[in-house]
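Letter by letter, the chains look like this.
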Amino acid sequence: MAVADTHDQTVPMTDASLNTEYDVVVIGAGPVGENVADRARAAGLSTAVVEAELIGGECSYWACMPSKALLRPVVARADARRVPGLSDAVQGPLDTAAVLAHRDEYASHWKDDGQAAWLEGVGADIYRGQGRLTGEKTVSVTTPDGTEHRLTARQAVAVCTGSRAVVPALPGIEGARPWTSREATSAKKVPGRLVIVGGGVVGTEMATVWQALGARVTMLIRGKGLLPKMEPFAGELVAQALTEAGADIRTGVSATSVRRAVPDGPVTVELNNGERVEADEILFATGRAPRTDDLGLETVGLKPGSWLVVDDSCRVDGTTWLYAVGDVNHRALLTHQGKYQARIAGAAIAARAAGVPLLETDRWGAHAATADHAAVPQVVFTDPEAASVGLTLAEAEEAGHRVRAVDHDLAAVAGSGLYADGYRGRARMIVDLDREILLGVTFVGPGIGELLHSATIAVAGEVPIDRLWHAVPAYPTISEVWLRLLEAYRDA
Ligand SMILES: Cc1cc2nc3c(=O)[nH]c(=O)nc-3n(C[C@H](O)[C@H](O)[C@H](O)COP(=O)(O)OP(=O)(O)OC[C@H]3O[C@@H](n4cnc5c(N)ncnc54)[C@H](O)[C@@H]3O)c2cc1C
């Protein structure tokens, strides 16, 4: 295994750098590409990373970081308003300028110097520009000034190009200047009225933020309710809270056209039921598409614009050298899960480069992303928070498991009353009746995001119900819901 020289800075455009060989070439320096590079370098493999925009990817500048920085003051104020002795002190409005400044700070002011320095620090070479496959193990990089680098990978190319927001091709959409998640997380002022199309995670989180900052939010939901991929009570509790906060949630409707007659004027949305809604901005939170349309996939027999199908080592089906890691493989569109895959892909690339046999399940689980199938955790940072891991009841039944859903009202736990006056929340665990382990857990309520990892350990670790009794929750915490769920299961 050859190890090339590494630079400690972005590769300068010299003739020598136009044709370069590395062990590993990573396309896309989001959180996932960064972690693949880190693992490859840790294994002694020379590594090039190609990035077309900002090192740190969607997550750092237009997704996780800015959205959570916007949500934190909103949720903290809501929490404080539910605490006797404190609520009177926090009845005022949020300081919008300070909230947006906090967000700007967390988005690093949309500059990537810090992350570039980190990537250089692990010894990866950075190529700025659009990366495209040009054939087996070869990648071209077109820099902003049109220079072309040709990179060859001795071991592997890892595609970590992520995903982008999908905006439906409705009549009038082009002139309507719609927001996607990028504008919704980076906007510099609060719109007076905001229409949000879509009730998934992005739609509900952004509704929570902008409603609290003073926008009048209308949500247009095609289906029956919010957060359709979670247990139904998650969407119901979040919708109840958003409605109480003043949002107008309309279900069973879809937008049929959008129109912004004058550039700075309002936008009008027509609905399939004949109604019209007028707003200052419209956000489409209507799903994601893979960033594979301009990636040269056709040169290696794959379809441009498609999600890349991989095995549990994140290697693309039918290839020996091509990996697809993170959002782009469509297994779980979450940063933590993509970084988990990155650790695994990096280890698999290193093992294969060293000729070490790659076992399906090795002791440290280093080479198989099995949690993608059974134990994906997710927190929706709304008020109340909604958090889940593993399967919902519907998913477990559909997969053919013999299961029982066990529910508990979170308000009936000592810790929740102390946490908030008038606490509202619910917990559900899905028990596999044949194996007596948990297949899934969902919590909805204020402050439950930090509870999720206990459930992730139970689900990923396949901890037998008998042993869970010995995981004693501290008194008086909301975690005591675990005891109540176990009792409910035992007594049913
Ligand atoms: C509003 C919002 C909030 C979210 N909040 C959370 C959250 O709280 N927690 C969570 O876990 N997940 C969250 N997510 C999901 C999370 O952002 C993604 O799962 C994560 O960013 C995926 O990482 P990635 O590295 O696969 O892709 P990305 O972060 O999209 O990075 C891909 C990188 O590849 C680059 N690239 C693409 N094509 C090329 C090319 N041809 N050549 C060179 N470079 C290229 C891009 O410029 C980009 O920098 C959120 C998503 C959204 C939209």
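All values derive from a computational prediction rather than experimental measurement.

A.B. asks: Which parts of the structure should I look at to understand the environment of G121?
C.D. replies: Looking at where G121 falls in the secondary structure, it is placed in helix α5 (residues 113-121). For G121, a relative accessible area of 64% corresponds to the exposed category. Residues G121 and D38, spaced 83 residues apart in sequence, show a C-alpha to C-alpha distance of 9.5 Å.

A.B. asks: What should I look at first to understand the site of the ligand in this one?
C.D. replies: Around the ligand, the surrounding shell holds 36 residues, and the nearest of these are E51, K68, G131, D327 and T335. Contact between the ligand and Q130: a nitrogen atom at 3.0 Å from a side-chain N or O atom of the residue. Surface burial for the ligand is 94%, taken as the share of its 1,000 Å² of free accessible area covered by protein chains. Every element with two or more residues in the shell around the ligand is listed here: α1 (31-42), β2 (47-51), α2 (57-62), α3 (64-80), β4 (130-135) and α9 (335-353). Tallied by class, the residues present in the shell around the ligand amount to 15 nonpolar, 14 polar and 7 charged.

A.B. asks: It is not clear to me how the nonpolar core should be interpreted in this structure. Could you clarify?
C.D. replies: In summary, soluble globular proteins display a tendency toward joint burial of nonpolar side chains. Counting 35 residues, the largest nonpolar core has W210 and V217 as the members making the most contacts within it. Breaking this core down by element, the ones donating at least two residues are α3, α4 (96-106), β8 (193-197), α7 (201-212), β9 (216-221) and α8 (232-244). Broken down by element, the residue count for this core peaks at 6 residues, all from α8. If near-sequence neighbours (up to four positions away) are discounted, V217 is found in contact with L194, I196, A207, W210, Q211, G246, A247 and D248. Formed by 33 residues, the second largest nonpolar core is a distinct cluster that contains L410, V431, F443 and V459.

A.B. asks: Looking at this structure, how should I read the pairing of β8?
C.D. replies: Sheet faces and side chains relate simply in a regular strand, where the side chains alternate between the two faces. Burial within β8 is extensive, with 4 of its 5 residues counted as buried. In this structure, β8 lies alongside β9, joined through 5 bridges in parallel fashion. Each bridged residue has a counterpart across the sheet, and for V195 the counterpart in β9 is T218. Each parallel crossover has a hand, and for β8 linked through α7 to β9 it is right-handed. Bridging between β8 and strand β14 (residues 281-284) involves 4 bridges; their strand directions are parallel.

A.B. asks: Looking at this structure, I do not really get the domain arrangement of the chain. What am I missing?
C.D. replies: A common way to express how large an interface is: the accessible area buried when the components associate. Domain parsing of the chain yields domain 1 (19-56 + 112-164 + 290-372), domain 2 (173-286) and domain 3 (384-491). Centre-to-centre, using C-alpha coordinates, domain 1 lies 36 Å away from domain 3.

A.B. asks: Even after reading the chapter, I still don't get the pairing of strand β20 (residues 426-432), so can you show me in this structure?
C.D. replies: With 6 of 7 residues buried, β20 is to be regarded as a mostly interior element. Direction of pairing for strand β19 (residues 403-409) relative to β20: antiparallel, over a ladder of 7 bridges. Paired with R404 across the bridge in β20 is V431. In this structure, β20 lies alongside strand β21 (residues 437-445), joined through 7 bridges in antiparallel fashion. What sits directly across from A427, in β21, is F443. Linkage of β20 to β21, two consecutive antiparallel strands, is achieved through a turn of 4 residues, within which E436 is found at a positive phi near 50°.

Reading the values: the criteria
Residues numbered from 1 in each chain as written. Predicted model: local features only at pLDDT ≥ 70, side-chain atom pairs only at ≥ 80, totals over all residues. Heavy atoms only, no water. Helix = DSSP H or I, 4+ residues; strand = E, 2+ residues; numbered from the N terminus. Buried < 20%, exposed > 50% of the residue type's maximum accessible area, 1.4 Å probe, protein only. Near = heavy atom within 4 Å. Polar contact = N/O pair within 3.5 Å; in protein donor to acceptor, adjacent residues only side chain to side chain. Areas by Shrake-Rupley, 256 points an atom, 1.4 Å probe, with all protein chains shown as cover. Nonpolar A, V, L, I, M, F, W, Y, C, P; charged D, E, K, R; others polar. Core = buried A, V, L, I, M, F, W, Y, C linked by side-chain atoms within 4.5 Å. Contact = heavy atoms within 4.5 Å. Pairing = 2+ DSSP bridges. Right-handed = clockwise from strand over helix to strand, strands pointing away. Domains from an automatic or database assignment.

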